[in-house]
Amino acid sequence: MRCYLHAYLLCTVFTFFSLLYVYSQLASTLEDRDERSGGGRISGESNHDAGHALRKRPGLSGLRDREWGQNRPCFYSVRCKSLSVSYWNPYWRLPSDDVCGVNCLLESPLSRKLVHFHIFAEDDLHDSFRKALEMWPVAIRTKFTFTIYPIMFPEKNASEWKKLFKPCASQRLFLPLILKQVDSLLYVDTDILFLRPVEDLWGLLSQFNVSQLAAMAPEHEEPRIGWYNRFARHPYYGKTGVNSGVMLMNMTRIREKFFKNDMTSIALQWGEILMPLLQKYKLNITWGDQDLLNIIFHHNPESLYVFSCQWNYRPDHCFYGSNCQQAEEEGVFILHGNRGVYHNDKQPAFRAVYEAIKQYSFGEDMEISLLQPLKAALQATTHTYCGRSSHLLTKRLKESIRSI
C-alpha cells in the first residue's frame, strides 16, 4: 500500500511541475510574441496606435436618443468640402497648440482646400476644442470649419463597443451610420502627419471602381515581419492584412452595400454585420476595430482599394531596414507615428518630424522655419535604421512646401 501511495505522490508532484513548466513556456512565448508585434495591448505600444493603444479617455456619460447612446469620447472625425477627414485623438492635451489631429492636418502640409472637421468629443472637452481652434490666426481659421458631436454607439450594445480594445476605439465603425449626410470621408489616426496635401489622398476616391467603397494601405510590406500572417486568429485581408490608421471611405456605398460574411449565407448591411461579427470573433481579435475591418474585407475583397505604403508610412517600414519601395522612389506622403514614437525615444527620426511641425509657427516661411530645422534634426538620427532613411521623410515635404 505504501508503494502505491509513494507512486501516487511522485506522479502528483511530477504532474504539478510539468504543468508549471508548460505554463512558464507558454507565458514566455506570448511575451516574446507581444514584443515582436509591437507590444500587444500595452498602451502606447500598439501597432494600431493613435486610433487604439493610445486611446486613453474612458467612455461614458448617459444616453440621449432612442437609437444611439452618448458616451464619453475618445475620438473625433473630420470632413471637408470636397474632401472628408476623420480623427481619433489619443492625447487630449487641451487647451494647447497640440490639438493633434486638427493641428497635424492643417500644419502638415496646409491644405489648399476648405476643410470641415466633424469632431467627436466628450462633453467636457467641447469648449476646450472651440477655444483652442478659435485661438488660431484668422488666416488659418478661414481654411476650415468644424462641428462637434458627442461620442455615440448603438444604445443596445454600447457597453460591448466601449470595451473593444480600448474605450471608444470602435467609434469609427459607426461613422457611416452617424454622419448620414456625409457622402465620403477620410479617417486618420491623430498620430498622422501629412507631408503631402490632404486633397491628393482625397483624389484617390476618383480611382475607385464601381465596387470599391474604402481604401487602406497594407499592414506590412514584408511578410516575414507581418502581424496578421504570423499571429492572427481570424480572417484578414490579403497576404498581410490592412492598417486602418488612414482610411478613405465612400460612406454612401458603405451604407448601401450588402456584405458577404462567414456567419450566414445572407449578405448583411453595415449596420447589421458589426455586432454579430464582434460576437463571433471578440475572443480572437487583438487590434479591435482594425481586425473587424480586416475580417469584413477578407470576405469582400472586391470592395477595397489598396493604396501604397507611402500613404501610411510607419516605423515597420524602416526599423528592420527600408521595405516601402514606393517611398524609396517618391518619398513619404503620410507619416504614421504609431507605438507612441512621437513622444518617446524609440524612433528619433519620427519624433524629429513631429517636433519640427509642432515648433513651426503659422505664417513663417516653411522652408526656413520648418524644412531646414527638420533636416538638421534628422542628421542626428542616422545611427538608427529609420534615421538612415530620413531623406524619404523630407523628399515629398520639400515639394509640398514649394507647391503651396
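Scroll up to find the structure this text is about.
This text gives an overview of the structure that appears in the document.

Definitions and cut-offs
Residues numbered from 1 in each chain as written. Predicted model: local features only at pLDDT ≥ 70, side-chain atom pairs only at ≥ 80, totals over all residues. Heavy atoms only, no water. Buried < 20%, exposed > 50% of the residue type's maximum accessible area, 1.4 Å probe, protein only. Helix = DSSP H or I, 4+ residues; strand = E, 2+ residues; numbered from the N terminus. Pairing = 2+ DSSP bridges. Disulfide = S-S within 2.5 Å. Salt bridge = Lys/Arg side-chain N within 4 Å of Asp/Glu carboxyl O. Core = buried A, V, L, I, M, F, W, Y, C linked by side-chain atoms within 4.5 Å. Contact = heavy atoms within 4.5 Å. Expected span 1.5 Å × (residues − 1).

Quick look at the pairing of strand E9 (residues 214–218)
Here E9 lies mainly inside the structure; 5 of its 5 residues are buried. In this sheet, strand E10 (residues 242–250) lies alongside E9 in antiparallel orientation, the contact comprising 4 bridges. Residue pairing in the sheet places Ala217 in a bridge with Asn243 of E10. Sheet analysis places E9 next to strand E13 (residues 304–306), joined by 3 bridges and oriented parallel. Considered in E13, the bridge of Ala215 is made with Tyr305.

Describing the state of the cysteines
Scanning the model with the defined rule gives 2 disulfides in all. In this model, Cys309 is linked to Cys324 through a disulfide, with the two sulfur atoms separated by 2.0 Å. Disulfide Cys309 to Cys324: torsion about the S-S bond roughly 95°, handedness right-handed. Of this pair, Cys309 sits in the loop between E13 and helix H12 (325–330) while Cys324 sits in the loop between E13 and H12, placing them 15 residues apart in sequence. Overall, Cys324 belongs to the buried group, its relative accessible area being 1%. Two residues share a disulfide in this structure: Cys318 and Cys386, whose sulfurs sit 1.9 Å from each other. Looking along the S-S bond of the Cys318-Cys386 disulfide, the torsion reads about 90°, which is the right-handed sense.

Some details on the pattern of salt bridges
In this structure the tally under the stated criterion is 15 salt bridges. A salt bridge links Arg172 to Asp289, with the shortest nitrogen-to-oxygen separation between them at 2.5 Å. With Arg172 in the loop between helix H5 (158–162) and helix H6 (175–178) and Asp289 in helix H11 (residues 289–299), the pair connects residues that are 117 residues apart, well separated along the chain. For the pair formed by Arg172 and Asp289, the shared burial category is buried. A salt bridge links Glu399 to Arg396; the shortest N-O distance between them is 3.2 Å.

Remarks on the nonpolar core
Membership of the largest hydrophobic core comes to 42 residues, with the highest contact counts inside it found for Trp161, Leu179 and Trp270. At 7 residues, the largest contribution of residues to this core is made by helix H10 (residues 270–281). Setting aside chain neighbours within four positions, we find Trp161 in contact with Phe153, Pro154, Ser170, Leu173, Phe174, Leu274, Met275, Leu278 and Leu292. Counting 30 residues, the second largest nonpolar core, distinct from the first, contains Cys309, Val341, Tyr354 and Leu393.

Concerning helix H16 (residues 391–403)
A rise of 1.5 Å per residue sets the reference length of H16, with its 13 residues, at 18 Å; its end C-alpha atoms lie 19 Å apart and thus fit the reference within 8%. When H16 is considered as a whole, its buried residues turn out to be Leu392, Leu393, Thr394, Arg396, Leu397, Ser400 and Ile401. The inward-facing, buried residues of H16 contact helix H7 (198–202), H12, strand E14 (334–336), helix H13 (348–359) and helix H14 (366–379).

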